[in-house]
Amino acid sequence: MLSEIKNICCIGAGYVGGPSMAVIADKCHFLKVTVVDIDSEKIDNWNNSNLDKLPVYEPGLREIIERRRGKNLFFSSDVNKTISDSDMIFISVNTPTKTKGLGAGEASDLKYIESSARQIAKYAKDETIIVEKSTIPVKTAETIQKILETCKKPEESISGEGSVFHVLSNPEFLAEGTAISDLFDPNRVLIGGENERAIKFLYGIYENWIAPEKILTTNIWSSELSKLTANAFLAQRVSSINSISALCEVTGANVSEVSKAVGMDNRIGKDFLKAGPGFGGSCFKKDILNLIYISKFYGLFEVASYWESILEINKWQQERISKIIVTKLFGNLSEKKIGILGFAFKANTNDTRESPALYICKDLIEEGAKLSIYDPKVNDEKIRLDLQKVITNKNHKKITTSNCVYEVSNNSDALVILTDWDEFKNIDWDKVNKTMRSPAWIFDCRNILSKNNMTKTNLNLWQLGNNL
Ligand code: NAD
Ligand code: UGA
C-alpha cells in the first residue's frame, strides 16, 4: 500500500507534459519526475544539451530545464519501465478530434488515452494513482477505470498480483506563451475524484507552492466538465468581440475602445476581449466540438447549436480577413507578393496548431498570391510542413520564408500581421516603406500598431475593428 509519493511519471512529453512536470520538479525537489513519450525524437530533444532544441518554446522553461534536468527531472522513451517505477502517473497525451468513425469531426479521439491506460494496467505496481491531465470528455475517468480494472488481472500484470488504481481528474489550465507563470501561480488547481487518500497525495504535491484556497476539490465529473466549460467560455468571449469588430469597421467605432469600455465593468472583466484573426491553438476548437458532441449525445440540441455558433464566428472572422485583403488589393492577388508576419497561433509560443495564419495563408495563396512568411519562433521546415497539409502541391512554390521583417517587406504589396509578437510592435516603418511596392498596404489583424508611427510614410494601414 502506498505510504508516500516519491516517483512520478507523466505519459506525454508535449506542451502540457513537459512544462507542467518541469514545474513540479522545480517546486518539489524530493520527487523524482520522469516524463515519457513514444516519440523518441521528442525525448532526444528534451534531453539535448543545446537548449534551443527543446521541443517546446515557453518563456522561463529553459531555465527550469537547466536547473532540474538530470537532478530530479528526467525524459525517457522507456515508457513501461517508468510506469513500473512510479507511484503516481499523469496522463498528458493528446486528445485530438476524431477524424473517422462514430462522432467523427466532433468527438475526442481517446486512442492515446486508452493505450496509456492499457500500458499502465500491464506495467504499474501494486497501488498507483492515475491522474488525467489531458482534456477529455466527461466520464472518461470511468473508461480509464474500466480498462484498468479489466486489464489488471494478476496473470496480465507485471507484478503477478494485480494492482489497485485510483483515477483522479486534474485538468490543466495553462495557456501557451505564459505556461510557466501560469503553472507557478495558477488561478486554481482542480482535483476531481472519489478516493480521499489519492486526493490527499495529489493535494500534497500542489500545496508545496500553491495556497490551499486555490486548490479546489470536486467530484470527478464536475472536474472534467469544468475544463471543457472554461475553454468554451474563453473562446466564446473571443468570438463575441470578433463579431463586434466587424460592426466597428462599418460604424466607425474602434474595437479596442469598445473592449476597454466593456471590460471595465467588473461583472464582465477585461481579459479575453482582444479582437483578432480568430482563436487558434490545439484546444478551443477541439474542446468546443467535444462539448457539442456531448450535448447532442444527451439530446441537448439547442445547447449544441449555441456552441456551434462560436466556432462559426471564428471561421467567418478568418474568411472575412482574407476577403478584405483581396478587396483592398484591387480584387486581385495574382503574382503579388504578400508578407506574412507571424505564423504561431499567438505570441511567445512555437505552436502552430489551428493557427489562424494557416487558413488565411491558404486563402491568399488560392487567390494567386506569393507569400513570404516570418515568425520569430517557427522555422521554415515547420511552416512548409503545416501549409503542405492545406494547399495543393502546385502551390508549394508560392511560399518562401525569411528570418527578418525587412526581407519579408522587400518588394511586397502588403504585409499582414497575424501573430501579436512584441517584435512587430517596433518595426521601423520608414525602412519598410522604402522597400515595399506602391500602393502598399499593412493589415494589422491584431491591432498592435500605432498609426502615429506611420505618419511619415505613404503606407496604407488597415486595422481590425478600427476602419471606415
Ligand atoms: P502534445 O501533442 O503536445 O503532446 C502529447 C504527447 O503525448 C505527444 O508527444 C505524443 O507523442 C504523446 N503520446 C501519445 N500517446 C502516447 C503513449 N501511449 N505513450 C507515450 N506518449 C504518448 O499535446 P499537448 O498540447 O501537450 O496536450 C495534451 C493534452 O492536454 C490534450 O488533451 C490537451 O487538450 C490538453 N491541454 C493542452 C494545453 C496546451 O496548451 N497545449 C493546455 C491545457 C490542456
Ligand atoms: C487556452 C486557455 O487559455 C487555457 O486556459 C487552456 O488551458 C488551454 O487553452 C488549453 O486547454 O489548451 P491557449 O490556447 O494556449 O490556452 O492560449 P490562449 O491565450 O487562450 O489563446 C487562444 C487563442 O485565442 C489564440 O489564438 C489567441 O490569439 C486568441 N485570443 C485570446 C484572442 O484572439 N483574443 C483574446 O483576447 C485572447
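Look above for the structure.
Residues numbered from 1 in each chain as written. Chains lettered and ligands numbered in written order. Predicted model: local features only at pLDDT ≥ 70, side-chain atom pairs only at ≥ 80, totals over all residues. Heavy atoms only, no water.

Participant: Can you break down the packing of aromatic side chains residue by residue, with the values?
Facilitator: Counted by the stated rule, this structure contains 10 aromatic pairs. Centroid distance Tyr-206 to Trp-209: 5.7 Å. Interplanar angle 55°. Geometry classified as tilted. The two residues Tyr-206 and Trp-209 agree in class, both being buried. Relative to Phe-424, the ring of Tyr-374 lies with its centre 6.2 Å away and its plane at 70°, an arrangement referred to as edge-to-face. With Tyr-374 in strand β10 (residues 370-374) and Phe-424 in the loop between β12 (414-417) and α16 (429-435), the pair connects residues that are 50 residues apart, well separated along the chain. We note that Tyr-374, like Phe-424, is buried. An aromatic cluster of three or more residues is present, and its members are Phe-233, Tyr-306 and Trp-307. Over the ring of Trp-221 we find Lys-139, and its NZ or CZ is 4.5 Å from the ring centre. (Phe/Tyr/Trp six-rings, centres within 6.5 Å; stacked < 30°, edge-to-face > 60°. Buried < 20%, exposed > 50% of the residue type's maximum accessible area, 1.4 Å probe, protein only. Helix = DSSP H or I, 4+ residues; strand = E, 2+ residues; numbered from the N terminus. Lys NZ or Arg CZ within 6 Å of the ring centre and 35° of its normal.)

Participant: Please give an account of the site of ligand 1 that cites residues and values.
Facilitator: In the vicinity of ligand 1 lie 27 residues, with Asp-37, Lys-42, Thr-95, Glu-176 and Lys-286 positioned nearest. One nitrogen or oxygen atom from the side chain of Glu-176 is found 2.8 Å from a nitrogen atom belonging to ligand 1. Here an oxygen atom of ligand 1 sits 2.8 Å away from a polar atom, N or O, in the side chain of Arg-353. Burial of ligand 1 by the protein chains amounts to 93% of its free accessible area of 840 Å². A total of 4 residues in the shell around ligand 1 trace back to one element, the largest contributor, which is helix α5 (residues 111-123). Class assignment for the residues of the shell around ligand 1 results in 8 nonpolar, 11 polar and 8 charged. Split by domain, the residues of the shell around ligand 1 number at least three in each of domain 1 (7-218) and domain 2 (219-468). (Near = heavy atom within 4 Å. Polar contact = N/O pair within 3.5 Å; in protein donor to acceptor, adjacent residues only side chain to side chain. Areas by Shrake-Rupley, 256 points an atom, 1.4 Å probe, with all protein chains shown as cover. Nonpolar A, V, L, I, M, F, W, Y, C, P; charged D, E, K, R; others polar. Domains from an automatic or database assignment.)

Participant: How would you sum up the pattern of salt bridges? Please name residues and give values.
Facilitator: Where charged atoms of side chains with opposite charge meet at close range, the side chains can pair. Counted according to the given criterion, the structure contains 27 salt bridges. The salt bridge partner of Asp-351 is Arg-353, with a shortest N-O separation of 3.0 Å. For Asp-351, a relative accessible area of 2% corresponds to the buried category. Salt bridges sharing partners connect three or more residues here, namely Glu-106, Lys-296 and Glu-308. (Salt bridge = Lys/Arg side-chain N within 4 Å of Asp/Glu carboxyl O.)

Participant: Give me the lowdown on helix α1 (residues 17-27), citing residues and values where you can.
Facilitator: The buried count for α1 comes to 10 of 11 residues, which makes it a mostly enclosed element. Among all positions in α1, only Gly-17, Gly-18, Pro-19, Ser-20, Met-21, Ala-22, Val-23, Ile-24, Ala-25 and Asp-26 are buried.

Participant: Pulling in residues and values, what's your account of a nonpolar patch on the surface?
Facilitator: Residues Phe-297, Tyr-298, Leu-300 and Val-303 make up a contiguous nonpolar surface patch of roughly 430 Å² in combined accessible area. Taking the relative accessible area as the measure of exposure, Tyr-298 reaches 52% and is therefore exposed. (Patch = residues over 30% accessible without salt bridge, like charges linked within 9 Å, V, L, I, M, F, W, Y side chains within 5 Å.)

Participant: A description of the environment of Ser-163 should follow, citing residues and the corresponding values.
Facilitator: Within the fold, Ser-163 resides in the loop between α6 (140-151) and β6 (164-169). Taking C-alpha positions, Ser-163 is 7.5 Å from Thr-128, a pair spaced 35 residues apart along the chain.

Participant: I'd like to hear about the sheet that holds strand β14 (residues 460-463), residue by residue, with values.
Facilitator: Paired through backbone hydrogen bonds, the strands of a sheet run either parallel or antiparallel to each other. The 6 strands are arranged β11-β10-β9-β12-β13-β14 in an open sheet whose pairing can be described as parallel. Where the open sheet ends on each side, the last strands, each with one partner, are β11 (399-401) and β14. Taken pair by pair, the neighbouring strands of this sheet meet at an average axis angle of 20°, ignoring direction. Relative to β11, β10 runs parallel, the two sharing 3 bridges. Opposite Ile-373, over in β11, you have Thr-401 as the bridge partner. Sitting on the sheet, helix α12 (residues 301-328) touches β9 (337-341), β12, β13 (441-444) and β14, and the angle it makes with β13 is about 165°. (Pairing = 2+ DSSP bridges. Axes fitted to C-alpha atoms, helices over the stretch in contact; angles between N-to-C directions. Contact = heavy atoms within 4.5 Å.)

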